[in-house]
Amino acid sequence: MNSVTFAKELVGVQDELLRFAYKLTTDHDEAHDLRQETSLKALDNEDKYEPDTNFMGWTYTIMRNIFINNYRRNVREQTFVDTTENHYFLNASTKEASENTEAAYDLKEMYRTVNALPKEYRTPFLMHFSGFKYREIAAKMDLPIGTVKSRIFFTRQRLQQELKDFR
């Protein structure tokens, strides 16, 4: 296959490549970039294409491999390994001060609302919030498990109602 025929074949499959790229990326800009990268790779490897084989399948394979390699590269680049002696960065906050202030205010409002509830509702909710299981709460409070679940549910509903402006 000569270069002119190869180029015509490549131009002819551009629409199908774009559709396939969009299926892979689900983003129009990334799909266009992937199609362009695939076209360049196909042109660079024109000598490796075997004439009388499925050209569309060959270009799809190139595109799929580029997509997978880019995905793996992105995952590798986003992986952070903390090599400090005391794992300082693992424990460091990534949020800015304004976000921490808002979160602290939201948490304070939540605790204010929970503390305003009667003790029989507040205690099971705080225990559940701390990580206790329903059975453990029921055993410690000497209540049926259904009662514990309903009190926690009631408290959640009350919190949602009182804190709906914070969502």
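Above: the structure in question.
Below or above, wherever it landed, is the structure these notes cover. Note that this is a predicted model, so its numbers are computed, not measured.

## Some thoughts on a negative patch on the surface
Piece 1. Residues Asp-27, Asp-29, Glu-30, Asp-33 and Glu-37 make up a contiguous surface patch of negative charge.
Piece 2. In this structure, Asp-33 sits in helix 3 (residues 28-44).

## Let's talk about the packing of helix 7 (residues 119-130) against helix 8 (residues 134-141)
Piece 1. Two elements in contact, helix 7 and helix 8, have axes whose closest approach is 10 Å; the angle formed by their N-to-C orientations is 140°. Between helix 7 and helix 8, the crossing angle belongs to the class labelled oblique. Here the hand of the crossing between helix 7 and helix 8 comes out right-handed. When helix 7 is examined against helix 8, the residues Thr-123, Pro-124, Met-127 and His-128 are found in contact with a partner set consisting of Tyr-134, Ile-137, Lys-140 and Met-141.

## Examining the nonpolar core
Piece 1. Of all hydrophobic cores here, the largest spans 14 residues; its most connected members are Phe-6, Ala-42, Phe-55 and Trp-58.
Piece 2. Counting only elements with at least two residues in this core, the list comes to helix 1 (3-12), helix 2 (14-25), helix 3 and helix 4 (55-78).
Piece 3. With 5 residues, helix 4 is the largest single contributor of residues to this core.
Piece 4. Not counting chain neighbours up to four residues away, the residues in contact with Trp-58 comprise Phe-6, Ala-42, Asn-45 and Tyr-49.
Piece 5. Of all hydrophobic cores here, the second largest spans 10 residues; its members include Met-127, Ala-138, Val-148 and Leu-159.

About the cut-offs
Residues numbered from 1 in each chain as written. Predicted model: local features only at pLDDT ≥ 70, side-chain atom pairs only at ≥ 80, totals over all residues. Heavy atoms only, no water. Patch = residues over 30% accessible without salt bridge, like charges linked within 9 Å, V, L, I, M, F, W, Y side chains within 5 Å. Areas by Shrake-Rupley, 256 points an atom, 1.4 Å probe, with all protein chains shown as cover. Salt bridge = Lys/Arg side-chain N within 4 Å of Asp/Glu carboxyl O. Lys, Arg positive; Asp, Glu negative; His and termini not counted. Charge placed at Lys NZ, Arg CZ, Asp CG, Glu CD. Helix = DSSP H or I, 4+ residues; strand = E, 2+ residues; numbered from the N terminus. Axes fitted to C-alpha atoms, helices over the stretch in contact; angles between N-to-C directions. Parallel < 35°, antiparallel > 145°, perpendicular 65-115°, else oblique. Left-handed = near helix turned anticlockwise from the far one by under 90°. Contact = heavy atoms within 4.5 Å. Core = buried A, V, L, I, M, F, W, Y, C linked by side-chain atoms within 4.5 Å. Buried < 20%, exposed > 50% of the residue type's maximum accessible area, 1.4 Å probe, protein only.

Read these as geometric descriptors, not functional statements.
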